[in-house]
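Topology and contacts: notes
Listed below are the residues making up each chain.
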Amino acid sequence: MPTRQTLSSLLPAGEFQGRHIGPRPADKAAMLKELGQPSLAALIDNAVPAAIRTTRPLALPPALSEQEALAALRDIAAQNERRVSMIGMGYYDTFTPPVILRNLFENPGWYTAYTPYQAEVSQGRLEALLNWQQMVADLTGMALANASLLDEGTAAAEAMTMIRRQAKAKSDVFVVDADTHPQTLAVLRTRARPLGIEIVTAAASDIGRMRCFGALLSYPGSSGALVDPTPAIEALHKEGALVAVASDLLALTLLTPPGELGADIVLGSAQRFGVPMGAGGPHAAFFAVRDAYKRAMPGRLIGVSVDAQGKPALRMALQTREQHIRREKATSNICTAQVLLAVIAGMYAVWHGPEGLKRIASRVNRLTGALAAGLVQSGLKLENDTFFDTLTVLAPGRAAGLVADAEAKGFNLRPVDADRFGISLDETTTPAQLQGLLSALGLADADTRILDAKAPEGIPPALQRTSTYLEHPVFHGCRSETELMRYLRRLQGKDIALDRSMIPLGSCTMKLNAAAEMMPVSDPGFAAIHPFAPKEQQKGYRRLYDDLEAWLAEITGFAAVSLQPNAGSQGEYAGLLVIRAWHESRGEAHRRICLIPASAHGTNPASAVMAGMEVVVVDCDAAGNVDLVDLEAKLARHGPALAALMITYPSTHGVFEARIKEICELVHAAGGQVYMDGANLNALVGLARPGEIGADVSHMNLHKTFCIPHGGGGPGMGPIGVAAHLAPFLPTHPVVAGVNPAAKSEVGTVSAAPFGSASILPITWAYIAMMGAEGLTEATRVAILNANYVAARLAPHYPIVYKGQGGLVAHECIIDLRQLKQSAGITAEDVAKRLVDYGFHAPTMSWPVPDTMMVEPTESEDRSELERFIAAMIQIRAEIRAIEEGRVDRANNLLKHAPHRADLLLGSWERPYSKEEAFFPLPFVGIDKYWPPVARVDNAYGDRNLACSCPPVADYADAAD
């Protein structure tokens, strides 16, 4: 008689682990047999040094089922109280067009893609980003814009450092308009201090008389006032200083754009273009410059080039500025941006078009005018008589009471001080809401139609926009939902994302972003919350923060966690600032040397320089480990000035360094701190803890290890964990109290929002909650299994560059292609482009070792997908062997012509190989063939002929002809 299952075994708890982890038990057994390992536990024992293994299992709540996790998150979201948000300060309620919400924001074809380094498989995202750049350039009146930055505060800080590099004026002073959002000013102060920049605030009318290397003006100001920046810009330019202007894209549909007023840089947040407030993020910041500064601009820049057939193609331009190339000399440490959010904002403009945007802006401005009339009629006074959407109200001694009265009626206003409060309107504001607010403030029976007739003109005639914008056809062709739905599908179809195939990028951890993890992000209980709403209204978010801080601390072995850094690079920067502040608190401010292994990610040295440190490189040995002899020599030379060692673990070479604890001890003995880059945390969770290994600080890439999707190049999250002695130095915030309850020393603010990109934290919460302790640990084991399986299967065809103990790798492996250049004239790029014909995004190319590929399969890929990738790589090796043996020409072959566009199927075929070999090299390729929209992109042409906006209107006419 069959054994009767227990009732508990039939319950769904724990099911999600099997949904997230790819290989089935039989697959694991077969893969372990291939590796000669008797069990998964034995593999882990052999691959992971015993010295780093934790003896304490993860203490996390029992795993939830998908249904339980979703119900729990609904309950958490319900604890956030929604009000009509009129706080402003750079965050506004908005309507996300449903066609964009469903077909873009909630579509894995968009949110699971990677940063578009491989242009041939990224043309859809690149076109969407080009639309964004054109939109920003048009609305700001500037020559060109980048593909987004992390937030408005970070964009302002990047503008300040760019101006310092470019300005002719000799000064250490950067002047900031006193009417700037407080969070932006705080981020500027944090960035300025380690760089020796003095921040001075002044009224806009006085800035032109200041001696400085540059300035930031606000237009509109945080108070709502509109001050013509022209006099200040002209005066500062005469002195060799440069000027950035913080602005608002919706306002710029009505205001004279800063570019026409002489600005050198224009920046701000595009949040109100269809992206929910989400308690502070993620949101795309915009950054536009004059043509003279296009090669100095930080961040990604999408440009137009041509492909191998001479046809237009898009690519990321000027990649020689990237951190992995320039390291400590990079223009910025920003490794990611906010691509998904920039695409949403750009599509918002595509959907509404110039006339739609102007109609929304005009409505907001008219309602603000009616509000101004009503406030005056009620006996209140206005501080600003010019405005777009924001009013600052004077109510001596009564401000707090009036704000409370409004809150009691369901309206959140901005408290300024005892005598003033602010009101900001937005796209969602209705006349009925205006009447309700005025009633709460003491004006009963307000009639917005009558008030509108009395309303003052908020925008002075001299500042009213007369120039046109968004004239390109893309902003006029999608007025019906059918048109936009199909446009989004066409763009999506041009790209490879995780919904199509494995993305085996080393050091990028392109794992599953499960639907159950993503769904709560759209819940209005998370999406519609202002980051500065009263804390009593954010109990759900507080629960989320508390859970995640505790869980991440338990996973990493640290005493405290800050969720504020909104990217991995921001986590690096924040962690180094914490170390710097700790040294200063001990009277050792002279400690400024940061040791960094030669194998480090390029953001490491760039972040160290931003934190005011001097980078000293430590060599690696032939096995890919830190060279201890060189490390000890550098410690002996720089010990008294040592601030920190930045080290990635497992290393960027894909191995567990057995002597990592010894390395940490040596650094501590020299008086330094250990910063452990968390890029490879996916190989440690449940097996080892950075805090137990010896790290003092580490950032955690939630967009890697903890399932926040990459979004085609952002969003990301990079919270940091710290040891107990560093907890008092974690970031704070100027608007929201208690962000760091243990605050002892003012490190400052690294992101504009107090808890970074808060609205995507439910993704990580859901992942941890559904996996549980055993699920997370098993995911790590399988990530290591998958990497070793790929390495073992490919080793007979491609040498594996680095191996750790037992001849095993960690969670990724580096395959060696260097010998192919001499034997067949084939480069890593040739292999990468040929993989496109097989339907795969290439692994990480030529980093950290030139002419190699780093493969990270993650735990989410099942054995069948691994086998398809392995088969593709083996077949490509056979194609290379044909060149080596002289059977195929070195210049005219499958790899040199890859990838192959579909239009080559038409017309004559003069290639020395068949169409079947080109397009369908293996049987699985034809099942769901990916057709690259372009042939190989000419990168050099794109940089020589830099064009970073939509093609001229005439080109569309030519195409139609």
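Since the model is a prediction, treat every value here as computed from it, not as a measurement.

1. Re the sheet that holds strand β22 (residues 720-722)
- Strand order across the open sheet formed by seven strands is β16-β22-β21-β20-β19-β17-β18, with mixed pairing between neighbours. Both outer strands of the open sheet, β16 (560-562) and β18 (614-618), are each paired with one neighbouring strand and no more. For this sheet, the mean angle separating the axes of adjacent strands, direction not counted, is 25°.
- Summarising the sheet, strand β19 (residues 642-648) and strand β20 (residues 673-677) pair through five bridges and their orientation is parallel.

2. Structural notes on the packing of helix α26 (residues 761-794) against helix α29 (residues 863-884)
- The contact between α26 and α29 brings their axes to 10 Å, and the two run at 30°. The angle between α26 and α29 places the two elements in the roughly parallel class. Pair α26 / α29 crosses with right-handed handedness. Of the residues in α29, those in contact with Asn786, Tyr789, Val790, Arg793 and Leu794 of α26 are Arg863, Leu866, Glu867, Phe869, Ile870, Met873 and Ile874.
- For the contact of α26 with α29, the residue count by class is eight nonpolar, one polar and three charged.

3. Concerning the pattern of salt bridges
- One pass over the full model with this rule turns up 51 salt bridges.
- A salt bridge links lysine 294 to aspartate 291; the nearest nitrogen and oxygen atoms lie 3.4 Å apart.
- Shared partners join several salt bridges into a network, and the residues in it are Lys28, Glu774, Glu778 and Arg781.

4. Considerations on the packing of helix α7 (residues 123-140) against helix α13 (residues 339-377)
- Where α7 meets α13, the closest approach of the two axes is 8 Å, and the angle between their N-to-C directions is 65°. If you check the angle between α7 and α13, you find them roughly perpendicular. α7 and α13 meet at a crossing whose hand is left-handed. Along its contact with α7, which presents Ala128, Leu129, Asn131, Trp132 and Met135, the element α13 presents Val339, Ala342, Val343, Ala345, Gly346, Met347, Ala349 and Val350.

5. Comments concerning the packing of aromatic side chains
- Summed over the entire model, instances satisfying the criterion amount to 16 aromatic pairs.
- Plain terms: the ring middles of phenylalanine 174 and phenylalanine 213 are 5.6 Å apart, the flat faces sit at 35° to each other, and that makes the pair tilted. Placement of phenylalanine 174 in strand β3 (residues 173-177) and of phenylalanine 213 in the loop between α10 (204-207) and β5 (214-218) is noted, with a sequence separation of 39 residues between them. Each member of the pair, phenylalanine 174 together with phenylalanine 213, is buried.
- Taking 5.4 Å as the distance between ring centres and 35° as the angle between the ring planes, the aromatic pair formed by tryptophan 551 and tryptophan 765 counts as tilted. Here tryptophan 551 is found in helix α20 (residues 539-556), whereas its partner tryptophan 765 is found in helix α26, with 214 residues between them in sequence. Across this residue pair, the class does not change: tryptophan 551 and tryptophan 765 are buried.
- What links up through ring pairs into an aromatic cluster is the set Trp909, Tyr913, Phe919, Phe920 and Trp931.
- One Lys or Arg, arginine 911, reaches over the ring of tryptophan 909 and ends 5.7 Å from the middle of that ring.

6. So, the UniProt feature "modified residue: N6-(pyridoxal phosphate)lysine" (unreviewed entry) in the chain
- The positions that UniProt labels "modified residue: N6-(pyridoxal phosphate)lysine" (unreviewed entry) are, in the present scheme, Lys704.
- By the element assignment, lysine 704 lies in the loop between β21 (697-699) and β22.
- Its relative accessible area of 10% is what places lysine 704 among the buried residues.

7. Describing the nonpolar core
- The biggest cluster of nonpolar side chains holds 253 residues, and the ones touching the most others in it are Met135, Met347, Phe421, Ile423, Leu484, Phe706 and Ile768.
- Looking at which element gives the most residues to this core, the answer is α13, with 22 residues.
- Beyond its immediate chain neighbours, meaning those up to four positions away, phenylalanine 706 contacts Leu552, Ile555, Leu681, Val685, Met700, Asn701, Thr764, Tyr767 and Ile768.

8. A look at unusual backbone geometry
- With an omega of 10°, the peptide bond between glycine 281 and proline 282 qualifies as cis.
- Counting through the fold element by element, proline 282 comes out in the loop between β7 (265-269) and β8 (285-289).
- One non-glycine residue, threonine 509, lies in the positive phi region at around 50°.
- Within the secondary structure, threonine 509 is located in the loop between α17 (481-493) and α18 (515-518).
- Note on threonine 509: relative accessible area 1%, which makes it buried.
- Even without being glycine, threonine 858 reaches a positive phi, approximately 65°.

9. Overview of the sheet that holds β5
- The strand order across the open sheet built from seven strands is β2-β8-β7-β6-β5-β3-β4, with neighbouring strands paired in mixed fashion. For this open sheet the edge positions go to β2 (144-145) and β4 (198-202), each flanked by a neighbour on one side alone.
- Sheet topology note: the β2/β8 ladder contains two bridges and is antiparallel. Pairing of leucine 144 across the sheet is with valine 289, part of β8.
- Each of β2, β7 and β8 is contacted by α7, which is oriented at about 65° to β8, the strand it contacts most.

10. Quick look at a nonpolar patch on the surface
- A contiguous nonpolar patch, built from Leu905, Leu906, Phe920 and Trp931 and spanning about 370 Å² of accessible area, is present on the exposed surface.
- Note on placement: leucine 905 falls in the loop between α29 and α30 (915-919).
- What makes leucine 905 partly exposed here is its relative accessible area of 35%.

11. Things to note about empty space enclosed by the protein
- Evaluation of the coordinates by the stated rule reveals twelve cavities of 30 Å³ or more.
- As a volume, the largest cavity reaches approximately 260 Å³.
- For the largest cavity, the lining is made up of 22 residues, of which Tyr92, His181, Pro220, Ser247 and Asp248 are closest to its centre.
- Partitioned by chemical class, the residues of the lining of the largest cavity number five nonpolar, twelve polar and five charged.

12. Section: the environment of alanine 935
- The topology assignment puts alanine 935 in the loop between α30 and α31 (939-944).
- Owing to a relative accessible area of 4%, alanine 935 belongs among the buried residues under this scheme.
- Here the alpha-carbon distance between alanine 935 and glutamine 309, two residues 626 residues apart in the chain, equals 6.7 Å.
- When near neighbours in sequence (up to four residues on either side) are disregarded, alanine 935 contacts Glu120, Asp307, Ala308, Gln309, Pro899 and Arg901.

13. Looking at helix α5 (residues 98-105)
- The complete set of buried residues in α5 reads Val99, Ile100, Asn103, Leu104 and Phe105. Looking straight down α5, one finds that the buried residues subtend no more than 160° of arc, so they occupy a single side. Across α5 from its buried face, at more than 90 degrees, point the exposed residues Pro98 and Arg102.
- Where α5 is buried, its residues touch α6 (108-111), α13 and α17.

Definitions and limits used
Residues numbered from 1 in each chain as written. Predicted model: local features only at pLDDT ≥ 70, side-chain atom pairs only at ≥ 80, totals over all residues. Heavy atoms only, no water. Pairing = 2+ DSSP bridges. Helix = DSSP H or I, 4+ residues; strand = E, 2+ residues; numbered from the N terminus. Axes fitted to C-alpha atoms, helices over the stretch in contact; angles between N-to-C directions. Parallel < 35°, antiparallel > 145°, perpendicular 65-115°, else oblique. Left-handed = near helix turned anticlockwise from the far one by under 90°. Contact = heavy atoms within 4.5 Å. Nonpolar A, V, L, I, M, F, W, Y, C, P; charged D, E, K, R; others polar. Salt bridge = Lys/Arg side-chain N within 4 Å of Asp/Glu carboxyl O. Phe/Tyr/Trp six-rings, centres within 6.5 Å; stacked < 30°, edge-to-face > 60°. Buried < 20%, exposed > 50% of the residue type's maximum accessible area, 1.4 Å probe, protein only. Lys NZ or Arg CZ within 6 Å of the ring centre and 35° of its normal. UniProt positions renumbered as here; feature names shortened; annotations may be inferred. Core = buried A, V, L, I, M, F, W, Y, C linked by side-chain atoms within 4.5 Å. Patch = residues over 30% accessible without salt bridge, like charges linked within 9 Å, V, L, I, M, F, W, Y side chains within 5 Å. Areas by Shrake-Rupley, 256 points an atom, 1.4 Å probe, with all protein chains shown as cover. 1 Å grid on protein atoms, 1.4 Å probe; cavity = no way out; pocket = protein on both sides within 12 Å on 5 of 7 lines; lining within 4 Å. Points joined across faces, edges and corners; volume = space filled by probe spheres on them. Arc of directions from axis to C-beta.

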